[in-house]
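Working through the structure, step by step
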Amino acid sequence: SQQGEEDPQALSIQEGENATMNCSYKTSINNLQWYRQNSGRGLVHLILIRSNEREKHSGRLRVTLDTSKKSSSLLITASRAADTASYFCAFREGAQKLVFGQGTRLTINP
Amino acid sequence: SAVISQKPSRDICQRGTSLTIQCQVDSQVTMMFWYRQQPGQSLTLIATANQGSEATYESGFVIDKFPISRPNLTFSTLTVSNMSPEDSSIYLCSVPRTGGVGETQYFGPGTRLLVL
C-alpha cells in the first residue's frame, strides 16, 4: 500500500494570489481526485481528472495530470480566505481502495 | 448527493475504555468505508463494510481492535476498543458516490477522539 506524496506540505500566501500544490504517485491510475478538508472536518470532493485527460477546470480550480511523470497539480486562482484548508489528492489502489496523499495545508492571509 | 452524519462529533475518553461511533447515510449504499486520520496526517483506510458480510480490514487493522457492524444499507458503527492515547484521531466514514469503481466518495463530518 502506498500514499501519494504532496508538496509543499504547507503553503501560506496572500489573498488574491494563486496557490499551486503538487501530487505524485507510483501506481497506474484510472483517475486522480482532489479533496478539501476544512479544520479537521469531513472531506469534500473538488475535482476528478481521468487518465486520458491532461487538464481540467472547475471555477477557480485547474488540475493537470501527467501520467508519464505520475504527477498532478492543483491550481487555485485568485485565492480567498475561505480557501484556507488542507488539500488532498487521492487515487484508487486496486478495485475499491481510495488512497490519499499526505496533504497540503493552505493558509490564505488577508 | 449523500448526506452523512456521525455521532458523536467528538469525545474524550479514558485509556482502556471503548467508544462506538455511528455513521448514518440518508440513502442506501452497498459499501461504507471507515478511515482514521491521526493528528496532522492523511487519511488511512481502516476497513470496508458491506451490508450482510464481514468487514474487510486493511493491513495493520484488526477486528478485535476495530469491530464494525453494518446492520442495514444506511447505517454502520465502528468501535475503537481498549483505547490508548495512540488512538487519538479523527475517524471518518465515507460512501462511494455511485458505487462504481473510480468514482468519488462522500465523507461524514468525522468524530474527533481524544484518549487520555
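Below is a summary of the structure that appears in this document. (Residues numbered from 1 in each chain as written. Chains lettered and ligands numbered in written order. Predicted model: local features only at pLDDT ≥ 70, side-chain atom pairs only at ≥ 80, totals over all residues. Heavy atoms only, no water.)

Brief notes about the overall build of chain A
- Helix and strand counts for chain A stand at zero helices and eleven strands.
- Ordered by position from N to C terminus, the α and β elements of chain A give β-β-β-β-β-β-β-β-β-β-β.
- What you see for chain A is a C-alpha radius of gyration of 13 Å, in line with the 13 Å of a compact globule of 110 residues.
- Counting only C-alpha atoms, chain A reaches 40 × 25 × 20 Å along its principal axes.
- For chain A, the residues scored as buried account for 45% of the 110 residues in total.
- Here the contacts in chain A between residues at least 6 apart in sequence split such that 54% fall between residues at least 24 apart.
- Carbon and sulfur atoms make up 44% of the accessible area of chain A, which totals about 5200 Å². (Helix = DSSP H or I, 4+ residues; strand = E, 2+ residues; numbered from the N terminus. Rg over C-alpha atoms; globule rule 2.2 N^0.38 Å. Buried < 20%, exposed > 50% of the residue type's maximum accessible area, 1.4 Å probe, protein only. Contact = heavy atoms within 4.5 Å. Areas by Shrake-Rupley, 256 points an atom, 1.4 Å probe, with all protein chains shown as cover.)

Focus on the overall build of chain B
- Counting its secondary structure elements, chain B contains zero helices and eleven strands.
- Ordering the α and β elements of chain B from the N terminus gives β-β-β-β-β-β-β-β-β-β-β.
- Its C-alpha radius of gyration of 13 Å places chain B within 12% of the 13 Å reference for a compact globule of 116 residues.
- With the C-alpha coordinates aligned to their principal axes, the bounding extent of chain B is approximately 40 × 25 × 20 Å.
- Across the 116 residues in chain B, those meeting the buried criterion constitute 50%.
- Intrachain contacts of chain B at a sequence separation of at least 6 include 53% that bridge at least 24 residues.
- Split by element, the accessible area of chain B, about 5300 Å² in all, is 49% carbon and sulfur.
- Within chain B, the 8 negative side-chain charges are centred at a point lying 7 Å from the centre of the 8 positive side-chain charges. (Lys, Arg positive; Asp, Glu negative; His and termini not counted. Charge placed at Lys NZ, Arg CZ, Asp CG, Glu CD.)

Overview of the interface of chain A and chain B
- Contacts between chain A and chain B engage 22 residues on the former and 21 residues on the latter.
- Joining chain A to chain B, the criterion identifies one salt bridge.
- Notably, a salt bridge pairs A:Lys97 with B:Glu58, separated by 3.1 Å at the nearest N-O pair.
- Looking at the side of chain A that touches chain B, the elements that each hand over two or more residues are β4 (31–37), β5 (43–50), β9 (85–93) and β10 (97–100) of chain A. (Salt bridge = Lys/Arg side-chain N within 4 Å of Asp/Glu carboxyl O.)

Let's talk about the sheet that holds strand β1 (residues 5–7) of chain A
All names here are of chain A.
- Read across the open sheet, the five strands follow the order β1-β3-β8-β7-β6; overall the sheet is antiparallel. The open sheet has two free edges, formed respectively by β1 and β6 (55–58), since each of these has just one partner strand. Looking at each pair of strands side by side, their axes are set apart by 15 degrees on average, direction ignored. (Pairing = 2+ DSSP bridges. Axes fitted to C-alpha atoms, helices over the stretch in contact; angles between N-to-C directions.)

Some words on the environment of A:His57
All names here are of chain A.
- Note that histidine 57 resides in strand β6.
- When the C-alpha positions of histidine 57 and leucine 75 are compared, they lie 9.5 Å apart, and in sequence the two are 18 residues distant.
- Those residues in contact with histidine 57 that lie beyond four places of it in its chain are Ile47 and Arg62.
- Side chain to side chain, histidine 57 and glutamate 55 meet in a polar contact 2.7 Å long. (Polar contact = N/O pair within 3.5 Å; in protein donor to acceptor, adjacent residues only side chain to side chain.)

Here's the deal with unusual backbone geometry
- Note that the residue after A:Asp7, namely A:Pro8, is joined by a cis bond; omega there is -5 degrees.
- Inspection of the secondary structure puts A:Pro8 in the loop between β1 and β2 (10–14).
- At the junction of B:Lys7 and B:Pro8, the peptide bond is cis and its omega measures out at -10 degrees in the coordinates.
- In this structure, B:Pro8 sits in the loop between β1 (4–7) and β2 (10–13).
- Phi at A:Ala78 is positive, roughly 45 degrees, even though this residue is not glycine.
- For A:Ala78, a relative accessible area of 39% corresponds to the partly exposed category.

Overview of the packing of aromatic side chains
- Counted by the stated rule, this structure contains eight aromatic pairs over all chains.
- For the ring pair A:Phe100 and B:Phe107, a centre distance of 5.9 Å and an interplane angle of 70 degrees mean the geometry is edge-to-face. Note that A:Phe100 is positioned in strand β10 and B:Phe107 in strand β10 (residues 105–107), a pairing that runs across two chains. No difference in accessibility class separates A:Phe100 from B:Phe107, as the two residues are buried.
- Ring geometry for B:Phe66 and B:Tyr91: centres 6.5 Å apart, planes at 45 degrees, overall tilted. Taken together, the positions of B:Phe66 in the loop between β6 (56–57) and β7 (68–72) and B:Tyr91 in strand β9 (residues 89–96) put the pair 25 residues apart, joining distant regions of the chain.
- A network of ring pairs unites the aromatic residues A:Tyr35, A:Phe100, B:Tyr35 and B:Phe107 as a single cluster. (Phe/Tyr/Trp six-rings, centres within 6.5 Å; stacked < 30°, edge-to-face > 60°.)

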